Amino acid sequence: MSEPASISAGIAARYATAIFEIAEESKALDSLESSINDLSAALADSEDLRDLISSPVVSRDEQETAISAVAAKMGVAPVLANSLALMAQKRRLFVLPALIEALRARLAETRGEITADVTSAKALTKTQSEKLSKTLAERTGKKVVINATVDESIIGGLVVKVGSKMIDNSIRSKLNSLQNAMKEVG
């Protein structure tokens, strides 16, 4: 991880811990989760919002006013809305994407869930996804949520990432291994 990314992750983790603990104490975890999902969707959809949180040209007060208006319009949970205003005053809105990921991780941990990033050459069927989820749940001892993506360049098989572990059972990987083995022989 690069130094700026590491700094962002550290800042986001501290804010996420504080927000999560306040929401947990006030029994508002469900509203926090829906708020971060809405905020994440807004970030994905709005280039203006992405510019707002990362622009050094926008003043602290303008950022605070704008993010507070966005939070009010979206009906964001009060703890998150207040934190966003504070982050704007401290010039920390640039960590918002990392904050959302950190909060999602804390919420999943609380529910005993873990996310598995699965890449396949073709879209997984519902049956395949359920079977994979069940198998991974047996291995990890937690409920597994599948985050499936399609990448035709792996040719076939799966690439599964759960936490810090990765299982690459793709045909592309096997062909690369075979190619390396043949280079060593010849």
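For the structure, see preceding data.
Cut-offs used in this document
Residues numbered from 1 in each chain as written. Predicted model: local features only at pLDDT ≥ 70, side-chain atom pairs only at ≥ 80, totals over all residues. Heavy atoms only, no water. 1 Å grid on protein atoms, 1.4 Å probe; cavity = no way out; pocket = protein on both sides within 12 Å on 5 of 7 lines; lining within 4 Å. Points joined across faces, edges and corners; volume = space filled by probe spheres on them. Helix = DSSP H or I, 4+ residues; strand = E, 2+ residues; numbered from the N terminus. Nonpolar A, V, L, I, M, F, W, Y, C, P; charged D, E, K, R; others polar. Pairing = 2+ DSSP bridges. Buried < 20%, exposed > 50% of the residue type's maximum accessible area, 1.4 Å probe, protein only. Polar contact = N/O pair within 3.5 Å; in protein donor to acceptor, adjacent residues only side chain to side chain.

## Brief notes about the layout of surface pockets
Roughly 390 Å³ of internal volume is contained in the largest pocket. Lining the largest pocket we find 17 residues, and of these Glu101, Arg104, Ala105, Ala108 and Thr115 sit closest to its centre. Taken together, the elements giving at least two residues each to the lining of the largest pocket come down to helix H2 (29–45), helix H6 (96–111) and strand E1 (113–120). Looking at the lining of the largest pocket element by element, the count peaks at eight residues for H6. In terms of residue class, the lining of the largest pocket is built from six nonpolar, three polar and eight charged.

## A short note on the pairing of strand E3 (residues 158–162)
Consecutive residues of a regular strand have side chains that alternate between opposite faces of the sheet. Relative to E3, E1 runs antiparallel, the two being bridged by five bridges. Across the sheet, the residue bridging to serine 120 is leucine 158, located in E3. Of the pairings in the sheet, the one linking E3 to strand E4 (residues 165–168) comprises four bridges and is antiparallel in character. By the bridge assignment for E4, valine 159 is matched with aspartate 168. Here E3 folds back onto E4 in antiparallel fashion, the turn holding two residues, of which glycine 163 has a positive phi close to 65°.

## Side note on the side chain of serine 83
Following the sequence through the fold, serine 83 ends up in helix H5 (residues 78–89). Residue class for serine 83 comes out buried when judged on its relative accessible area of 12%. Within the local environment of serine 83, its side chain forms a polar contact with the backbone oxygen of valine 79, the two atoms lying 2.8 Å apart.

What is shown is where atoms sit, not what they do.
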